[in-house]
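Understanding the architecture of this molecule
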Amino acid sequence: MLVLLPPSETKAEGGSGAPLDLDLLSHPELNPVRDGLVDALVDLAADVPASLVALGLSERQSGEVARNAELRRSPTLPALARYTGVLYDALAPGSFTRVERERAFRRLAVASALFGLLGGGDPVPAYRLSGGSALPATGPFAALWRPALEPLLAVADDFVVDLRSSPYTSFARVPGAVVVRVVTEDERGRRNAVSHSNKAHKGRLARALVRSRAEPADLRGLVRVVTRAGFLLEPTGPRAADLVV
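It should be emphasised that the depicted structure is a prediction, and the values quoted were computed from it without experimental measurement.

**Looking at the side chain of D162**
Counting through the fold element by element, D162 comes out in strand 8 (residues 160–162). Within the structure, the side chain of D162 is placed 2.8 Å from the side chain of R164, a separation counted as a polar contact.

So this is what it looks like as structure tokens:
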């Protein structure tokens, strides 16, 4: 099973790993695109005002530009430790046992505007780049990533659970994936997509999938696993399900 997660705007500081080495990341076939984007982001960081505009940041966030300038020299952390925020707080990877951490590194992958797709244990530095941005030197990210990511994910042997958020779903279509939507249900049975706590619920679902020793191979197996964990997941099609909260 492979669970696709969105990244986060916020990142943990520091790290104890060696500086970025693209050859240590999962899916080395993505390295040509990664290398070009890293160069473009570092080069852009030399112009702070232009960086703030391109990244949609305020002047008070100029420290994020300084992070980008040090991309190739700053220390790294495993991806699941680097990303922070609501989803990753709910996932709580720091509380995993050794066995669960190893399982998380195998089962969880993070969509990334800068790196395309990261394994949970891939060593990455702190940086700032969101999927909705566009670098002056590269243009929209979907046009860069789709030709590289779609063939990679199309041949994945794993059962894929897609928890990505927009715009990361535009980076690659995954026809065989089960897409999970977080919804509430009113007294008339009408369902509405959850916005405010969407990330937290997805983080809890991903945590349950890591902690389970079962390895679901299809939607029916996925429903069994998450039902045992206390969730209500209802199929809405052959490749879609609602997480009712």
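Alright, that's what it looks like, and here's the rest.
**Some points on unusual backbone geometry**
Omega for the peptide link from S166 to P167 comes to 10 degrees, which places this bond in the cis form. Phi at H27 is positive, roughly 60 degrees, even though this residue is not glycine. A relative accessible area of 27% places H27 in the partly exposed class. Even without being a glycine, A92 presents a positive backbone phi close to 50 degrees. With respect to the helices, strands and loops of the structure, A92 is situated in the loop between helix 5 (86–91) and helix 6 (98–107). Relative accessible area serves as the criterion here: at 23%, A92 is assigned to the partly exposed category.

**Remarks on helix 2 (residues 48–55)**
Among the residues making up helix 2, those that are buried are S51, L52, A54 and L55. Buried residues belonging to helix 2 abut helix 1 (31–45), helix 3 (62–69) and strand 6 (134–135). Once helix 2 ends, the next one or two residues include G56, with phi positive near 70 degrees.

**Side note on the nonpolar core**
Judged by nonpolar contacts, the single largest core of 72 residues is most densely connected at L5, L108, L114, F115, L129, L135 and L222. Examining the composition of this core, we find that six residues originate from one element, helix 1, more than from any other. Contact partners of L108, with chain neighbours within four places excluded, come to V3, L5, L80, L91, L118, G119, G120, A206 and V210.

**A short note on the layout of surface pockets**
Its boundaries defined by the atoms lining it, the largest pocket holds a volume of some 200 Å³. What lines the largest pocket is a set of 15 residues, and nearest its centre among them are P6, P7, S8, E9 and K199. Sort the elements by how many residues they give to the lining of the largest pocket and helix 5 lands first, with three residues. Residues of the lining of the largest pocket, tallied by class, amount to seven nonpolar, five polar and three charged. For the second largest pocket, the calculated volume is near 170 Å³. Lining the second largest pocket are 13 residues, with L80, A81, P93, G94 and F96 positioned closest to its centre. Among the elements of the structure, helix 4 (79–82), helix 5 and helix 6 are those that each provide at least two residues to the lining of the second largest pocket. Looking at which element gives the most residues to the lining of the second largest pocket, the answer is helix 6, with three residues. A breakdown of the residues in the lining of the second largest pocket according to their chemical character gives nine nonpolar, two polar and two charged.

Thresholds applied
Residues numbered from 1 in each chain as written. Predicted model: local features only at pLDDT ≥ 70, side-chain atom pairs only at ≥ 80, totals over all residues. Heavy atoms only, no water. Helix = DSSP H or I, 4+ residues; strand = E, 2+ residues; numbered from the N terminus. Polar contact = N/O pair within 3.5 Å; in protein donor to acceptor, adjacent residues only side chain to side chain. Buried < 20%, exposed > 50% of the residue type's maximum accessible area, 1.4 Å probe, protein only. Contact = heavy atoms within 4.5 Å. Core = buried A, V, L, I, M, F, W, Y, C linked by side-chain atoms within 4.5 Å. 1 Å grid on protein atoms, 1.4 Å probe; cavity = no way out; pocket = protein on both sides within 12 Å on 5 of 7 lines; lining within 4 Å. Points joined across faces, edges and corners; volume = space filled by probe spheres on them. Nonpolar A, V, L, I, M, F, W, Y, C, P; charged D, E, K, R; others polar.

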